[in-house]
Amino acid sequence: MTNAQRRLLRSRITSVLIHGVLSLGALFMLLPMVWMVATSFKLPGEIAVWPPHLLPQQPTWANYSGLFEAAPFLRFFGNSVFIAVASTASCVVTSMIAGAVFAKYRFPGRGVLFMLVLATAIVPFEAYMIPLYIELVRIHWINTYQAIILPTLVMSFGIFLVRQHVASAIPDELMEAARVDGASESWTFRRVLVPLSGNAIAAVGIFAFIQAWAAFIWPLLVANNQLLFNMEVGLTAFQFRFSADYGKLMAGSTLSTVPMLIVFLLLRRRIIENMALTGIKG
Amino acid sequence: MSALTGVGKLRRRDALALAGAAALAGTRSARAADTKLTIWTGYPEIQPVYQAVAAEYAKTHPGVTFDFFSTSLREAEQKLTAAVPTGTGPDIFDIGTNISINFIDNQLIEPNPPDIDAHLKSGVWGKFTVDFFTLDGKTYGLPFLEGSRASMYWNKAYFQEAGLSGPPATFPELIEAAKKLVKIDSQGRMTRSGISLRLSGQGSGIGEKFRYILEAAGGSLIEQKGPGKWHNGYDNQAGRDALGFYVDAVQTWHIDDPKVPHDADAFASGATAMLFRESWVIGEIQSKNPKLDYGVAPIPAWKAGMPRMMLLQPEGVYVNGQSQNKAAAWDFVKFLTNARGGMKLTEVTGWLSPRTDIDWKPLLAKTPQFEVFVAPPSDIKYYVEPVLTAFDEVESRLADRLTASYIDPSLKGNPDAIAARIHDMAQQTDKILKDAKLYG
Amino acid sequence: MKRFRRHAGLWVWCYAMLFPVLAIYAYVRIYPIGRSVQLSFFDWKLMARVRPFIGWDNYTRMLGDENFHIAIWNTFVYSLATVLLSTVIALPLAVLLARRGRASAVYQTIYFLPVITPLVPMSIAWKWIYDYNYGILNYALSFVGIPPIAWLTDPHIALWALVIMGVWKVLGYNLVIFLVGIRNIPAPYIEAASLDGASDLQTFWHVTMPLLRPIVLYVLVTSTINAFNVFTQVYVMTLGSQAAPGQAVRVLVYDIYQNAFQYFRMGYASAEAVTLTLIVLGFTLIQFRAFRQREAA
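**Overview of the domain arrangement of chain B**
All names here are of chain B.
Right, on to step 1. Taken domain by domain, chain B consists of domain 1 (8–144 + 317–353) and domain 2 (151–312 + 379–435).
Right, on to step 2. Each of domain 1 and domain 2 has a C-alpha centre, and these two points are 34 Å apart.
Right, on to step 3. Facing the 12 residues of domain 1 at the interface are 12 residues of domain 2.
Right, on to step 4. Residue assignment for the side of domain 1 that touches domain 2 shows that the elements contributing at least two residues are α4 (97–105) and α6 (127–132).
Right, on to step 5. It is α4 that contributes the most residues to the side of domain 1 that touches domain 2, 5 residues altogether.
Right, on to step 6. A breakdown of the residues in the side of domain 1 that touches domain 2 according to their chemical character gives 6 nonpolar, 5 polar and 1 charged.

If you want it as structure tokens, here you go:
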């Protein structure tokens, strides 16, 4: 074998090994989801069987159709979408503004304010949701959409992510160049910072969407009327006192993951692919 | 105090209703115009029953409309404890005594009005049940469903296979039977447990299952010495026997193991031969494995000559002390807990009504296994969960320590170590009671 | 003077931009958290009307509570393990998957899926995977001759089983963040390095890693915060009968939840929350210090 041939073989073997490891990992990642989807097609008799088997032997759509009969899940789904979209829009805007300001500008109190913002993400929500609830009772916002969306309007991790991204990926020279040319701060922000933060914004978008979609305890506390339920809260209808209707639970959960998957697929390129960096000298 | 949930339009209607009801002072009937009653339940499977009963009620009470909310138990408890103290709670709710006692203590639930009080004591409900809803001489709420009467499920096919004639009547018999029923495969793994005990997990459920054994052995979790004075009731031979039973079951006789499946799912699928549980398992078996050949018998006596014990845990429906429609609410609650409501409850969900005047024959004809739950043998002795604020914590903290003890090898065959462990746990129980100023 | 005016103008602009965001924070986070901290010094029983001031009592009681000690230890072990594993695995994975192409895209999506699946059904699925007799994990191990492991019911192993599940859930999130970071490194830097004769590994270590520092800091900080706040999956795994032994997997937020909503000791639960926050804040500040960027002048 020539040297070149040996090198080619080695790189082929490496490639196969890498694909092998990645595929094994992918299997590991997918397994619980496969179980969830498979269970959503099983009848109750098949779910509690012992020893358990993964795939249904008599697959059925009953769980999916039963889902919509048991409760207005179309409405719950719509609510989830509405709340998630509203929250995502707000989080993206607030994170972009705050993240960029924290990253690129020095002003008194910057460090403290940023740490304060980050610290609020550390406190477990369970610890302060009652005082927040009491405050919303005071302004008569209980059982309203705005109450559900309110705590999801901002996302500390979003601000943090934009800050890190802007700090590392956008050179100060670019901003200086614009300033020297006489541009106002707002113009620099809009025309330089924002366009170059495309992938951070997209990342914040998907993460905010996921977080808002999965919101459970707050919507449950605040919504007294079924019409305001999101998917997560609606699914508790199948968790009985001592048992659960696993089939319908899994069916509802499977349906729940679809929108998030779609949003991710739409944003994936934007998040991960590089963008043309114009105006950067190498 | 801030009004109920609902849109502004309804508040005006409620105000009219209130004025109307006030004018009709003395009569409690819900002839008030357009009343909306909100009902919250922690049993999603029971919401259809509420809705069906409400629909019937609405036929004879036009102008009363209902709004329902249900979610899983822990979440319902969280929601109620956030909403009721802040005035945003429902008119009617069902909840266990662990929460209701806190509401009562803080005047968020009021004592029953005189006619409801008389109704509760009218003889429809047994003395035990009535006492359970009485605190300091006043009654609160009406019983809606029986939450326990846990009994012993036994797999007839497995018993026959093992050459056993019938269910055990005493614990020594149970142990012998379990030893014959357990199945261990060639690699030493248990594939079928003789009896499915609650060995692991979290929460007061572990304590509750421990009490089945403890009470049978003659002990109790806490004992009352006088009004407001309680202390532990298991730092004695009964407590040691009960813990010893669990330790031996797992480590000496090998009739159960944390690694095998447990509970209703296990019994329904045949992964265990015996199980102590409530009546809802019958519904599970019907939906998951209707061909299962099984029976239900009372939990055995600790030994011959001792009584068989049964836990009663009636759950109540309460009217919110801050409801704007108390009269209408109580009227509906009375309707809900009548005999027809009780029958509907059992038909739809398998939960039983604690009323003594229901004719169970049609139910028993279809499913004879209900017999022990609806008509327990007359020699059975009942016990209930003490109604005090600290009890949940007593039970939960005991549970935290029990699961570790069951599999602790240092306790195996070591009565002194077991006695020391029980003493330790009892001291923790007493400490909790002291902290809550309920010790005595 | 002109310089100061210019700076002041800039500062005003900064505050003006931040104001709406900070206002929201003040209302939905700072204020309720502040109330909670305040109430940690009171005997606040959720439903009681009387709330006597008790100073440091909640805190001293907490320091003596066995459940709290167990929770701190478990949470600490869980967090350390999860953060390390999920970061160390995600980074090389991101480098591998940073290439374009359909294979990369498929892998990226698959590895991200656990992040979007709802926690409750996933916890149930994992209970099945970890089952002693018939779980897929023990089944796979049997092929390699390893005897079955009591993943969830052995108190010594249960926490590690949760760590594995935690890493599974969060790996995709870290992966995506790293991919964002790697993608932002301008290609010329990488090209220059390989032109200079550096191997792939050397390029990674000397060019990519330093440029990724801010992103690595993000991943470490957010992973730590999320790990210390773990709750739902532990809660579901320990519910019911086929579950992990309670004390083996008691975590801080579960203790907070139990004290607040089962025992109704909101003041005490607030004290625990304050403690948790201070501990994690401490770690966060240490991480920031370790990864301090050399600021541009």
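**A look at the pairing of strand β15 (residues 314–319) of chain B**
Residues and elements named next belong to chain B.
Right, on to step 1. Counting buried positions over the 6 residues of β15 gives 6, a clear majority of the element.
Right, on to step 2. Taking every second residue as pointing to the same face, both faces of β15 are buried, with Pro314, Gly316 and Tyr318 on one and Glu315, Val317 and Val319 on the other.
Right, on to step 3. Bridge analysis of strand β3 (residues 92–95) against β15 gives 4 bridges, and the strand direction is antiparallel. Its bridge partner being in β15, Phe93 is matched across the sheet by Tyr318.
Right, on to step 4. For strand β6 (residues 142–146) and β15, the ladder comprises 4 bridges, and the chain directions are antiparallel. Looking across to β15, one finds that Leu142 is bridged to Val317.

**Thoughts on the environment of C:Arg265**
Residue and element names in this part refer to chain C.
Right, on to step 1. Summarising the element assignment, Arg265 is placed in the loop between α11 (252–261) and α12 (266–290).
Right, on to step 2. In this structure, the C-alpha to C-alpha distance between Arg265 and Val37, residues 228 residues apart in sequence, is 14 Å.
Right, on to step 3. Excluding anything up to four places from it in sequence, Arg265 contacts Lys45 and Asn259.

**A short note on the interface of chain C and chain B**
Many analyses report the size of an interface as the accessible area lost when the parts associate.
Right, on to step 1. Counting residues at the interface gives 24 residues for chain C, matched by 27 residues for chain B.
Right, on to step 2. For the side of chain C that touches chain B, the class distribution of residues is 13 nonpolar, 10 polar and 1 charged.

**A word on the sheet that holds strand β13 (residues 294–297) of chain B**
Residue and element names in this part refer to chain B.
Right, on to step 1. Pairing in this open sheet of 3 strands is antiparallel, and the strands run β12-β7-β13 from one edge to the other. The open sheet has two free edges, formed respectively by β12 (274–277) and β13, since each of these has just one partner strand. Averaged over all pairs of adjacent strands, the angle between their axes in this sheet comes to 25°, without regard to strand direction.

**Thoughts on the domain arrangement of chain A**
All names here are of chain A.
Right, on to step 1. By domain assignment, chain A separates into domain 1 (3–47) and domain 2 (68–272).
Right, on to step 2. For domain 1 and domain 2, the distance between their C-alpha centres works out to 32 Å.
Right, on to step 3. Listed as interface residues are 8 residues of domain 1 and, on the opposing side, 6 residues of domain 2.
Right, on to step 4. Elements with a contribution of two residues or more to the side of domain 1 that touches domain 2: α1 (3–40) and α2 (44–47).

**Considerations on the pairing of strand β7 (residues 151–155) of chain B**
Residues and elements named next belong to chain B.
Right, on to step 1. Of all 5 residues in β7, 5 are buried, a share of seventy percent or more.
Right, on to step 2. When β7 meets β13, the two strands line up antiparallel, connected through 4 bridges. Note on β13: the bridge partner recorded for Trp154 is Gly295.

About the cut-offs
Sequence positions are assigned chain by chain, starting from 1 and proceeding in written order. Naming scheme: in the order in which they are written, chains are lettered from A and ligands are numbered from 1. Under the rules for a predicted model, residues below a pLDDT of 70 receive no local features and side-chain atom pairs below 80 are neither given nor counted, while totals for whole chains, interfaces and linings still include all residues. Per the annotation, domain bounds derive from an automatic or database assignment of domains. We call two residues in contact when their backbone-placed C-beta atoms lie within 7 Å. Comment: elements are numbered from the N terminus, with helices defined as DSSP H or I runs of at least four residues and strands as E runs of at least two. Note on residue categories: nonpolar means Ala, Val, Leu, Ile, Met, Phe, Trp, Tyr, Cys or Pro, charged means Asp, Glu, Lys or Arg, and polar means any other residue, Gly included. Each residue is classed by its C-beta neighbour count within 10 Å, where at least 20 other C-beta atoms makes it buried, 12 or fewer makes it exposed, and intermediate counts make it partly exposed; the C-beta atoms are placed from backbone geometry. In this analysis, strands are considered paired if DSSP registers two or more bridges between them. To obtain each axis, a line is fitted to C-alpha atoms, and for helices this fit is confined to the stretch in contact; angles are then taken between N-to-C directions over 0 to 180 degrees.

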